[in-house]
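Chain by chain, the residues run as shown.
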Amino acid sequence: MLTVVLSGLRARWASFLGGFVALALGVGLLATMGLGLSATFHAPERSPQRFASSPVVVQGQDRLTLDVRRGPGTASVVQRLDRPQPVDNDLLRELKARWTVTPSGGPDAVGVDAPAAEVRALVGDRAQVLTGGERRRADPDPDRDADALVGVNALLGTSGGVTAFVSVFVVASTFAFAVALRRREFGLLRTAGATPGQIRRLLLAEAAALGVLASATGCVLGAAGAPLLARTLVDGGLAPAWFTVGGPVWPFHVAFWTGVTVALAGAVAASRRAGKVGPAAALREADVDADTLPLGRALLGAGLLLAGLGLLVWTYATDPSALLKRKTYTTLPMLLITGIALLSPLLVRPVARLLRLRGAVGTLVRENSAASVRRTAAVAAPVLVTVALAGTLFGSAASVTRAKGTEGREQTAAEYVVAGPALRPVTAPAGAVVSPTGPTSVFVRDGDAAVVKYGARAVADPAAFAELARLPVVAGDPRDLDDRSIVVNEEFERRRVGETVEVWRADGSGPVRLRIAAVLALGTGDNGPYVTRANAPGSVPDRIDARGGGTATVRALEASGGTVRTADAWADAERPPGGSPQARLGMVLVLGIALVYTVIGLANTLLMATSVRGGELASLRLAGATRAQILRVVTGEATLAVAIGTLLGLAVTALVLGTLGAGLAALSAPVALALPWATVGATAGGCAAVAIAASALPAWRLTR
C-alpha cells in the first residue's frame, strides 16, 4: 500500500501541490500564532523602579474585596481599584517612629528600611506590605505590560482561529475536487479487483503522507515566521517595543498534529464517496463535475446555516451590545460562510441560469457553469470566504466606529471640545458655558452573586454639564444630578428613577447610597454612568466641553494644556472613519490570511479542472471555435464562478450588517452602517485576476 501511495504522490504531484501548499502554510501560520500567543501569556519580569532601594514597601490597598453569594455559602470577589488608597497617617507615624521611611512622590506608598516580618506585624490589615518583585506594584501603572498584551493575545487568537477555519475549508475542498476528477481511476481500480475499503484506505494513506510532509514543512516555516510576526506587530503599534517570541515547543506540536488531523479530516468524506464508485458506472461516466449534493453535506450545511442564523437572532434578542464586539462579528459569520459554502452546489445552477449572456460564448459560459456544478462551486467557495470576511470584518468595524462617532457628536451641544490627559482648570469667560469631565469608576453589586466595575464619568459642574449634554434619556432628568445622586444606564440592575443604588467609589471607599437621577439608553457602550466629583476621588478632567464666549473661550481653553478642536473635528479625531491604524492592521492581517488561502484554492482548483478538459476543448476546436473564443469561454466560466462567490459573500455580509443595524437600533444608538465597497471590490477583483490567469494558462497550452 505504501509503495502505491508514494508512487501516486509522485505521479500526481501537480494535483496535490495546492493542498500541500495550503496545509504547509496553515501549519506554519498556526505555529507562528502559537509562538506569538505563548509570548503574551506572561509579561516580562521588570525590576522595581519607584522603590528600588527600599527592601520593604508599604502601600495602600489597591483592591476592593467584597463577599458575594456562591451557592449555599459566600465567596470573596476582588476588583482592581483605579489607584491605590493612601497610607493611613497614623500608620505612617508609627512606621517613622521605628524605622527609616522613604516617601516617593505620592501618599499611596512609602519605602521602609526594616525586616519584612516586623513591618507586617505592625501593619496588619491596614495596608499592603510588598517585598522582592512585588515592589513593582507600587510603580506607576504596574499592570501596563500585561495590559499591553491583551490586544495582541486577542489578535493572534482570532488570526489563529481564522487560519484553522480557512485551512480546513480549503484543504477539504481540494481533496473533494481532486477525488471527483479521479473517478475513472477509481473505477479502473475497482475493475482490477480493488475493494471499496482499499480505495478508502488508499486515499487516507495519501492524505496522511501529504499531511506529515506538509506539517513538517509548516513547522519550519513557523519557526522562521515567528520573529517576523513579532517585528510586524511592534512596528505596527500592536505590541509593545519589548515584545519578542520565545522558544516553547508546544506550538509546534499543536500545529503539526493539527495539520495531520486536517489532512485526514479533509479526506474522510472524499474517501467515502470514492469507495462508493462502481466499476461499470465509473467507466460509463465522462470526466465532468457531478451536480449532486450528498445527503450528509446537505444536512451539515443546513445545520450550520440555521445555527448561524439562530445565533445572530439570539444575540440580537438577548444581548444586542455583543453584536458590536469584534469577537462576535469575527466568529459568527464563519458558521454562515460554512453553511452557504456547503450548500453552494444547490445555488450555483439557479444563479448561473438567471444570467442572459449574449452570443455563442456567453451561452457556453452559462451552460457549462450550470452543468459543471462541482467545479463552479469549488471556485466560488473560497471567494465566498474571503469576500464575506472582508465585508463583515471591515463593514462591522466601520459601522461600529461610525455609530460611536455619530453618537458622541450628537450627545454634546458644545462648539469646542478639549481633550488631553490631566487638563488644567479653566475659568469660563463671560457668556460661555464650560463643562469639564474626567474618567472614574464605580463598583456596584449585580444581584447577590457578582460585583461589576463600571467605567464612569465625573462631572465637575452639573449645571453646565446638563446644559451642554444631549444624553439619550430614558427616564428622569440629568439636571437633577448632585453629590447624592447618580445617572445610570439600562445595564444597571437597579434602574428606576428615585431608587437608591449602593456604590463603591474608584478608591474603594464606600459603600454610599446614591439616588438614581436619570436613566440613559445603553447606546454603543459609552453612555454613563455619571457622578459628581464628590463621588470620584482622584479623577482629573480629560475633556472640556465649551460653548459661547467667542475667541475668549478659545484662549481660555488653550490654557488647559489640551488640544482644542471644534466639536465636529473632535468627533472625527476620536473615532476616525477608517478606525485606528492598529485595528486596521489587525483586520488586514486576518483578511490577508484568508486571501492567501483563496489564491491557493482558486489556482489549484482551476489548474486541475482545466488541465483535464483537453478532450472538451478539442471538440470545440473541431466544431469551429477559434482559440480566442475557447479562452474567452474558459476565463468567462472562471469569472462567473468568482461572481457567484462574491454574491454569496455579499449575502453573508448583508445578514451580519443587517443584524448589527438592528442591534444598534435596539440600543438606541445611531444606525450608521458602512459597507466597505473598496475593500470588497479589491478582494473580488484580486480573486477574479487569479481565477482568469489560472484557467487561461492551461487552456492556452491545451489549445496550441
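Residues numbered from 1 in each chain as written. Predicted model: local features only at pLDDT ≥ 70, side-chain atom pairs only at ≥ 80, totals over all residues. Heavy atoms only, no water.

Caption draft 1: A look at the overall build of the protein chain. Each helix and strand counted, the protein chain has 21 helices and 16 strands in total. C-alpha extents for the protein chain along the principal axes are approximately 100 × 60 × 50 Å. Relative to its 704 residues, the protein chain shows a buried fraction of 49%. Taking the intrachain contacts of the protein chain between residues at least 6 apart in sequence as the baseline, contacts between residues at least 24 apart amount to 80%. Per element, the accessible surface of the protein chain, about 31000 Å² overall, is 60% carbon and sulfur. Across the protein chain, the 69 positively charged side chains and the 52 negatively charged ones have centroids separated by 13 Å. (Helix = DSSP H or I, 4+ residues; strand = E, 2+ residues; numbered from the N terminus. Buried < 20%, exposed > 50% of the residue type's maximum accessible area, 1.4 Å probe, protein only. Contact = heavy atoms within 4.5 Å. Areas by Shrake-Rupley, 256 points an atom, 1.4 Å probe, with all protein chains shown as cover. Lys, Arg positive; Asp, Glu negative; His and termini not counted. Charge placed at Lys NZ, Arg CZ, Asp CG, Glu CD.)

Caption draft 2: View of the side chain of N489. Mapped onto the elements of the fold, N489 is located in strand β11 (residues 485-489). Within the structure, the side chain of N489 is placed 2.9 Å from the backbone oxygen of N527, a separation counted as a polar contact. When residues no more than four places from it in sequence are discounted, the contact partners of N489 are R495, V519, L520, A521, L522, N527, G528 and P529. (Polar contact = N/O pair within 3.5 Å; in protein donor to acceptor, adjacent residues only side chain to side chain.)

Caption draft 3: The side chain of D545, seen in detail. Relative to the assigned elements, D545 resides in strand β15 (residues 543-547). Residue class for D545 comes out buried when judged on its relative accessible area of 7%. Side-chain polar atoms of D545 contact the side chain of R543, separated by 2.8 Å. Not counting chain neighbours up to four residues away, the residues in contact with D545 comprise T412, A414, Y416, V417, V433, V434, S435 and L468.

Caption draft 4: Quick look at the environment of L221. Relative to the helices and strands, L221 resides in helix α7 (residues 196-235). For L221, a relative accessible area of 44% gives the class partly exposed. For the pair L221 and A662, spaced 441 residues apart in the sequence, the C-alpha separation amounts to 43 Å. In this structure, L221 is in contact with A24, G28 and T32, ignoring residues within four places of it in sequence.

Caption draft 5: View of the pairing of strand β8 (residues 433-446). For β8, a buried count of 11 out of 14 residues is recorded, marking the element as mostly surrounded by other parts of the structure. Taken together, the five bridges between β8 and β15 define a ladder with antiparallel strand orientation. What sits directly across from T437, in β15, is R543. Direction of pairing for β8 relative to strand β9 (residues 450-459): antiparallel, over a ladder of 10 bridges. Its bridge partner being in β9, V442 is matched across the sheet by Y454. Sheet topology note: the β8/strand β12 (residues 500-504) ladder contains two bridges and is antiparallel. (Pairing = 2+ DSSP bridges.)

Caption draft 6: Main features of the pairing of β15. Looking at chain direction, strand β7 (residues 416-419) and β15 are connected through four bridges and run antiparallel. Bridge pairing in β15 links A419 to R543.

Caption draft 7: Layout of the pattern of salt bridges. Taken as a whole, this structure holds 14 salt bridges when the rule is applied. One salt bridge in this structure joins D62 and R63, with 3.1 Å as the shortest N-O distance. Using a relative accessible area of 7% as the deciding quantity, one classes D62 as buried. Owing to a relative accessible area of 32%, R63 belongs among the partly exposed residues under this scheme. A salt bridge links R513 to E502, with the nearest nitrogen and oxygen atoms 3.9 Å apart. (Salt bridge = Lys/Arg side-chain N within 4 Å of Asp/Glu carboxyl O.)

Caption draft 8: Layout of the environment of L364. The residue L364 is located in helix α13 (residues 359-371) in this model. A relative accessible area of 32% places L364 in the partly exposed class. Each C-alpha atom of the pair L364 and A682 lies 28 Å from the other, and the pair is 318 residues apart in sequence. Setting aside anything within four residues of it in sequence, one finds L364 in contact with S369, L620, V633 and E637.

Caption draft 9: Structural detail: a nonpolar patch on the surface. Where nonpolar side chains cluster on the molecular surface, the patch consists of F41, W250 and V254 and spans about 300 Å² of accessible area. Mapped onto the secondary structure, F41 falls in the loop between α2 (13-40) and β1 (56-59). (Patch = residues over 30% accessible without salt bridge, like charges linked within 9 Å, V, L, I, M, F, W, Y side chains within 5 Å.)

Caption draft 10: Up close: the packing of helix α14 (residues 373-410) against helix α17 (residues 567-574). In contact at an axis separation of 9 Å, α14 and α17 are set at 150° when each is read in the N-to-C sense. Here α14 lies roughly antiparallel to α17, going by the angle between them. In this structure, α14 crosses over α17, and the sense of that crossing is right-handed. Residues G405, G408 and R409 of α14 form the contact with α17, whose participating residues are A567, D568, W570 and A571. Broken down by class, the residue content of the contact of α14 with α17 amounts to three nonpolar, two polar and two charged. (Axes fitted to C-alpha atoms, helices over the stretch in contact; angles between N-to-C directions. Parallel < 35°, antiparallel > 145°, perpendicular 65-115°, else oblique. Left-handed = near helix turned anticlockwise from the far one by under 90°. Nonpolar A, V, L, I, M, F, W, Y, C, P; charged D, E, K, R; others polar.)

Caption draft 11: Region of interest: the packing of aromatic side chains. One pass over the structure, following the stated rule, counts three aromatic pairs. Here F256 and W257 contribute two aromatic rings whose centre-to-centre distance is 5.0 Å and whose plane-to-plane angle is 90°, an arrangement assigned as edge-to-face. Pairing F465 with Y530 gives two aromatic rings, centres 5.0 Å apart and planes at 45°, and the pair type is tilted. In this pair, F465 is assigned in helix α15 (residues 462-468) and Y530 in strand β14 (residues 530-532), connecting sequence segments 65 residues apart. Here F465 falls in the buried class, since its relative accessible area comes to 7%. (Phe/Tyr/Trp six-rings, centres within 6.5 Å; stacked < 30°, edge-to-face > 60°.)

Caption draft 12: The confidence of the model for the protein chain, seen in detail. Chain-level statistics for the protein chain give a pLDDT mean of 83 and a share of 91% at 70 or above. Across the protein chain, the secondary-structure element scoring lowest on mean pLDDT is helix α9 (residues 279-284), at 53, and the one scoring highest is β14, at 95. In this model, residues 285-291 is a region of pLDDT below 50 whose contacts with residues beyond four sequence positions or in other chains number 20 contacts. (pLDDT = per-residue confidence, 0-100.)

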